[in-house]
Amino acid sequence: MPFPKDLQAKIDLWLEYDQNEQTRNEILELCKNPSNETKLHERMDQRIQFGTAGLRSSMEAGWARMNTLTVLQASQGLCSYIKKTEPAEKHSIVIGHDHRYHSKEFAEITAKCFLLQGFKVYYLNYCKGNSDTEVFCHTPLVPFAINSLKAGCGVMVTASHNPAKDNGFKVYYKNGCQIIPPHDHLISEEILQNLKPQEQVWDNFEDIVKSNKELFYDVKDEMLSNYIEKVAKELVH
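Rules of the game
Residues numbered from 1 in each chain as written. Predicted model: local features only at pLDDT ≥ 70, side-chain atom pairs only at ≥ 80, totals over all residues. Heavy atoms only, no water. Helix = DSSP H or I, 4+ residues; strand = E, 2+ residues; numbered from the N terminus. Rg over C-alpha atoms; globule rule 2.2 N^0.38 Å. Buried < 20%, exposed > 50% of the residue type's maximum accessible area, 1.4 Å probe, protein only. Contact = heavy atoms within 4.5 Å. Pairing = 2+ DSSP bridges. Right-handed = clockwise from strand over helix to strand, strands pointing away. Core = buried A, V, L, I, M, F, W, Y, C linked by side-chain atoms within 4.5 Å. Salt bridge = Lys/Arg side-chain N within 4 Å of Asp/Glu carboxyl O. Axes fitted to C-alpha atoms, helices over the stretch in contact; angles between N-to-C directions. Expected span 1.5 Å × (residues − 1). Parallel < 35°, antiparallel > 145°, perpendicular 65-115°, else oblique. Nonpolar A, V, L, I, M, F, W, Y, C, P; charged D, E, K, R; others polar.

Draft legend 1. Main features of the overall build of the protein chain. The helix and strand inventory of the protein chain stands at nine helices and six strands. Taken against the 2.2 N^0.38 rule, which gives 18 Å for 237 residues, the C-alpha radius of gyration of the protein chain at 18 Å falls within 12% of a compact globule. The buried share among the 237 residues of the protein chain stands at 51%. Counting contacts in the protein chain only where the partners sit at least 6 residues apart, residues at least 24 apart contribute 69% of the total.

Structure follows, in structure tokens:
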């Protein structure tokens, strides 16, 4: 290969870990032309930063971008952090996503990471195996559900008002608020300790849900009804 050893090592690790056909092909196509070295450095040299907003970046292949693999790694780190710092009754997560490209995909990989670690997953977008049905979630429903269900954490896949090419992985703590220091730094450290995808995590979403049905809860209707009732009671006069 024509690329420097350090860059090539990052590319090789990407291709070892990533089993998403689209993003694998993105990197493989870039590798075909030596003139893409600068682009590959931009995508591979730095990791996407995890902070108080979780993750947010353009959706492309590479360690510095928002994609299934970097969301998977962030999910594994978040899961590890909650597992280490919270009692067993808090080993649960609320997950929701919006209508952006790849939001459903990112939400599903997050759910798989937590299910495989024995966490309860309260899901706000379940389509019961029907890929033609689109179920979306508004952001406030995630923190509302965290508080209602006393979950250990939550994730909303959205980039709010950012351009269409962007997406985000918005992380909430057990109090229903977005994470703040020192939790963001500590979760970031856990991500770096859990970069290798766990076994089965690339398996089909429905298969993993079926295998862990005692841990998976479709709570959209219940939480939405409770949310509307709460708003009507507290705000509408």
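Draft legend 2. Structural context of the pairing of strand β3 (residues 120-123). As defined by bridge partners, strand β2 (residues 92-97) adjoins β3 across four bridges and the pair is classed as parallel. The residue bridging Ile95 from the neighbouring strand is Tyr123, located in β3. You can see the chain leave β2, run along helix α5 (residues 103-115) and come back into β3, and the turn it takes is right-handed.

Draft legend 3. Highlighting the nonpolar core. With 54 residues, the main nonpolar core has Ile27, Leu78, Phe114, Val121, Tyr123 and Phe169 as its most contacted residues. In terms of residue count, helix α4 (residues 68-85) provides more of this core than any other element does, eight residues in total. With near-sequence residues (within four places) excluded, Leu78 lies in contact with Ile93, Phe114, Cys153, Val155, Val171 and Ile187. One finds Tyr122, Val142, Ala145 and Val219 within the second-largest nonpolar core, a separate group that totals 14 residues.

Draft legend 4. Inspection of the pattern of salt bridges at higher detail. A complete count under the given rule lists ten salt bridges for this structure. Of the charged contacts in the structure, one is a salt bridge between Glu29 and Lys32, with a shortest N-O distance of 2.8 Å. Residue Lys165 pairs with Asp166 through a salt bridge whose shortest N-O separation is 3.3 Å. A relative accessible area of 9% places Asp166 in the buried class.

Draft legend 5. Representation of the sheet that holds strand β4 (residues 153-157). With respect to topology, six strands assemble into an open sheet ordered β1-β5-β4-β2-β3-β6, the strand pairing being mixed. Every interior strand has two partners, whereas the edge strands, β1 (55-58) and β6 (216-218), have only one. Ignoring strand direction, the axes of neighbouring strands in this sheet form an average angle of 15°. Alignment of β4 against strand β5 (residues 166-173), held across five bridges, turns out to be antiparallel. Among the inter-strand pairings, Val157 is bridged to a residue of β5, identified as Phe169.

Draft legend 6. Expanded view of α5. Helix length check: α5, at 13 residues, gives a terminal C-alpha distance of 18 Å against a target of 18 Å (1.5 Å per residue), a fit within 8%. For α5, the buried fraction is high: eleven of the 13 residues fall into the buried class. If you check which residues of α5 are buried, you get Ser103, Phe106, Ala107, Glu108, Ile109, Thr110, Ala111, Lys112, Cys113, Phe114 and Leu115.

Draft legend 7. Just unusual backbone geometry, in detail. A cis amide bond links Pro181 to the next residue, Pro182, at an omega of 5°. Within the secondary structure layout, Pro182 lies in the loop between β5 and α7 (183-193). Phi at Ser160 is positive, roughly 50°, even though this residue is not glycine. Mapping Ser160 onto the fold places it in the loop between β4 and β5.

Draft legend 8. View of the packing of helix α6 (residues 141-149) against helix α9 (residues 220-235). The interhelical angle for the contact between α6 and α9, taken along N-to-C directions, is 95°, at an axis separation of 10 Å. Here α6 lies roughly perpendicular to α9, going by the angle between them. Facing α6, whose interface residues are Leu141, Phe144, Ala145, Ser148 and Leu149, α9 presents Lys220, Met223, Leu224, Asn226, Tyr227 and Lys230. Looking at the contact of α6 with α9 residue by residue, the classes come out as seven nonpolar, two polar and two charged.

Limitation: the analysis is restricted to geometry and does not speak to function.
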